[in-house]
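Here is how the chains run, residue by residue.
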Amino acid sequence: MDYRQVEGGREFVARMSHGEDWRAQIEAFAAEQGVDAAFFYGLGAVQDAELYFYDQDEQEYYPEPFDEPFEVASCVGNVSILDGELFAHAHVTLSREDGSTVAGHLNTATTFAGELYVREFDATLEREHDPVTDLDLWPL
Amino acid sequence: MDYRQVEGGREFVARMSHGEDWRAQIEAFAAEQGVDAAFFYGLGAVQDAELYFYDQDEQEYYPEPFDEPFEVASCVGNVSILDGELFAHAHVTLSREDGSTVAGHLNTATTFAGELYVREFDATLEREHDPVTDLDLWPL
Amino acid sequence: MDYRQVEGGREFVARMSHGEDWRAQIEAFAAEQGVDAAFFYGLGAVQDAELYFYDQDEQEYYPEPFDEPFEVASCVGNVSILDGELFAHAHVTLSREDGSTVAGHLNTATTFAGELYVREFDATLEREHDPVTDLDLWPL
């Protein structure tokens, strides 16, 4: 495991905006506040979602759109730099009215409501292409 | 996204009490310690659970009781003020012995065991009725 | 609910090592850095997984192996002392390419990729056998 000790920066409590994209508003907030490195977690509900599933053999992402409302049972992620831009990496577990679930890497989702805790770090986390996984990971 | 920078307060590690309601004991702890605003996450197991599913069109909560034991794969939530009372808002992902899951907004659950990390904020978070979603949300 | 106020210690951001066991590398990191007490959460992907399901009536763990790749939609856990050794207790929600999920107590999993936030506490958390649940829990 590669790791880095980080100094804690600011902490934020957020209320996600209804009708806006879940990840895009995290990235807009990060840009507005100059948050270059952070972890976050939260909960809420979305009106739809597109998840990305990564095929570990093919090393390709496949989009899987779900055009239905969900609770966000959990959203776990972080903010760092990818290709010079702020990038919010988030995984979610979503649930339907009968409690059944879908989960994975979140691309887009129209927010119904959401509550987030963001822990900033006084650090720079920059993603680089990793040849083993073909993912963009942090060299720590 | 509406957000507020918060000052971190106390941090707590908790062991949930066997046989007691999951959310009620978080609220009792918050009252005992004067924790008005916090985020928490944790894991554990419950003997049963009642989830609430929110119908985004009808804007109504529907209870869905599950009379079976579950692992708590994740519990994500926060403490704030609702109608003048401390309110623990929690979403959970629950799993059965075969690994199958149900997830959503937790109302009640009889704790089997549980471990929680609570991050208090030196802030006041008070929920108000939001006409767009018909939910009680924070004006940040 | 039993609880203890803890003083926050160091914070770490980690990139999990490809091909290594998920929990074992958390324990190796904790040993290397002298992290005796911590909570963590994160996300990632694994190449396989063995979950443990606890039968609350029989009070026995049953292993459930899954020989397939998963996204780690969430990983929530902590580090404490069990039988004099550092022990990483982790629950995960895992998802397949179609978004379907399995979740529970993680025993082993071969890491594909993973990102973790670790919050250390200046405290000692030591597990002891609990006769009611037959689990090893913290006396707080």
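Refer to the preceding data block for the structure.
Conventions and cut-offs
- Each chain carries its own residue numbering, running from 1 in the written order of its sequence.
- For this description, chains carry letters from A and ligands carry numbers from 1, given in the order in which they are written.
- Restriction of local features to residues with pLDDT of at least 70 applies here, the model being predicted, together with a cutoff of 80 or more for giving and counting side-chain atom pairs; totals for whole chains, interfaces and linings are based on all residues.
- To obtain the side-chain values, all non-hydrogen atoms of the structure were used and water was disregarded.
- Each helix corresponds to a stretch of at least 4 residues labelled H or I by DSSP, and each strand to a stretch of at least 2 residues labelled E; elements are numbered beginning at the N terminus.
- The size measure is the radius of gyration over C-alpha atoms, and the globule rule it meets is 2.2 Å times the number of residues to the 0.38 power.
- Note on classification: 1.4 Å probe, protein chains only; a residue is buried when its accessible area is under 20% of the maximum for its type, exposed when over 50%, partly exposed between these limits.
- We call two residues in contact when some of their heavy atoms are within 4.5 Å.
- Asp and Glu are treated as the negative residues and Lys and Arg as the positive ones, with His and the ends of the chain left uncounted.
- Throughout, a charge is located at the NZ atom of Lys, the CZ atom of Arg, the CG atom of Asp or the CD atom of Glu.
- Buried area is a sum: the accessible area each of two parts loses on coming together, probed at 1.4 Å, counted once for each and added.
- Take a side-chain nitrogen of Lys or Arg and a carboxyl oxygen of Asp or Glu: if they are within 4 Å of each other, that pair is a salt bridge.
- Two N or O atoms count as a polar contact when they lie within 3.5 Å, although within protein this holds only if one can serve as hydrogen donor and the other as acceptor, and sequence-adjacent residues are included solely when both atoms are side-chain atoms.
- Note on residue categories: nonpolar means Ala, Val, Leu, Ile, Met, Phe, Trp, Tyr, Cys or Pro, charged means Asp, Glu, Lys or Arg, and polar means any other residue, Gly included.
- Pairing between strands requires that DSSP locate at least two bridges from one strand to the other.
- When two rings of Phe, Tyr or Trp (its six-membered ring) have centres within 6.5 Å they constitute a pair, described as stacked for plane angles under 30 degrees, edge-to-face for angles over 60, and tilted for the intermediate range.

What follows deals with the overall build of chain A. When you go through chain A residue by residue, the secondary structure sums to one helix and eleven strands. Going from the N terminus to the C terminus, chain A shows its helices and strands as β-β-α-β-β-β-β-β-β-β-β-β. Relative to a compact globule of 140 residues, whose C-alpha radius of gyration would be 14 Å, chain A shows 15 Å and is just as compact. A principal-axis box enclosing the C-alpha atoms of chain A has dimensions of 40 × 40 × 25 Å. The proportion of buried residues among the 140 residues of chain A is 60%. Taking as baseline every contact in chain A between residues at least 6 positions apart, the subset at least 24 positions apart corresponds to 67%. One finds the centroid of the 7 positive side-chain charges in chain A at a distance of 8 Å from the centroid of its 30 negative side-chain charges.

Now for the interface of chain B and chain A. Each partner contributes to the interface: chain B provides 43 residues, whereas chain A provides 41 residues. The junction of chain B with chain A conceals about 3400 Å² of combined surface from both sides, 60% of it contributed by carbon and sulfur atoms. When the buried area of chain B at its contact with chain A is split by residue, Met1, Tyr3 and Gln56 of chain B rank highest and sum to 25% of it. For the interface between chain B and chain A, the tally reads three salt bridges. We note a salt bridge from Arg15 of chain A to Asp130 of chain B, for which the minimum N-O separation is 3.3 Å. Between the two partners, chain B and chain A, sit 18 residue pairs in polar contact (both at pLDDT 80 or more).

Let us now look at the interface of chain A and chain C. Listed as interface residues are 44 residues of chain A and, on the opposing side, 41 residues of chain C. The largest per-residue losses of area from chain A upon contact with chain C belong to Met1, Tyr3 and Gln56 of chain A, which jointly make up 25% of the total buried on that side. The interface formed by chain A and chain C contains three salt bridges. Taken together, the links from chain A to chain C amount to 18 residue pairs in polar contact (both at pLDDT 80 or more). For the side of chain A that touches chain C, the residue count by class is 23 nonpolar, 14 polar and seven charged. As paired strands, strand 1 (residues 2–6) of chain A and strand 2 (residues 8–15) of chain C are joined by five bridges and run antiparallel to one another. Looking across to strand 2 of chain C, one finds that Tyr3 of chain A is bridged to Ala14 of chain C.

Under the criterion given, the structure shown has 42 aromatic pairs over all chains. Pairing Phe112 of chain B with Tyr54 of chain C gives two aromatic rings, centres 5.8 Å apart and planes at 45°, and the pair type is tilted. Separated into two different chains, Phe112 of chain B in strand 9 (residues 111–121) and Tyr54 of chain C in strand 4 (residues 49–55) make up a pair that spans both. On the accessibility criterion, Phe112 of chain B (4% relative accessible area) is buried.

So, about the side chain of Ser95 of chain C. Here Ser95 of chain C shows up in strand 7 (residues 85–95). Since its relative accessible area comes to 1%, Ser95 of chain C is described here as buried. Engagement of the side chain of Ser95 of chain C in a polar contact is seen with the backbone oxygen of Ala103 of chain A, the distance being 2.9 Å. If sequence neighbours within four positions are ignored, Ser95 of chain C has contacts with Phe53, Ala103 and Gly104 of chain A together with Pro69, Phe70, Glu71, Ser100 and Thr101 of chain C.

Distances and angles like these do not, on their own, reveal function.
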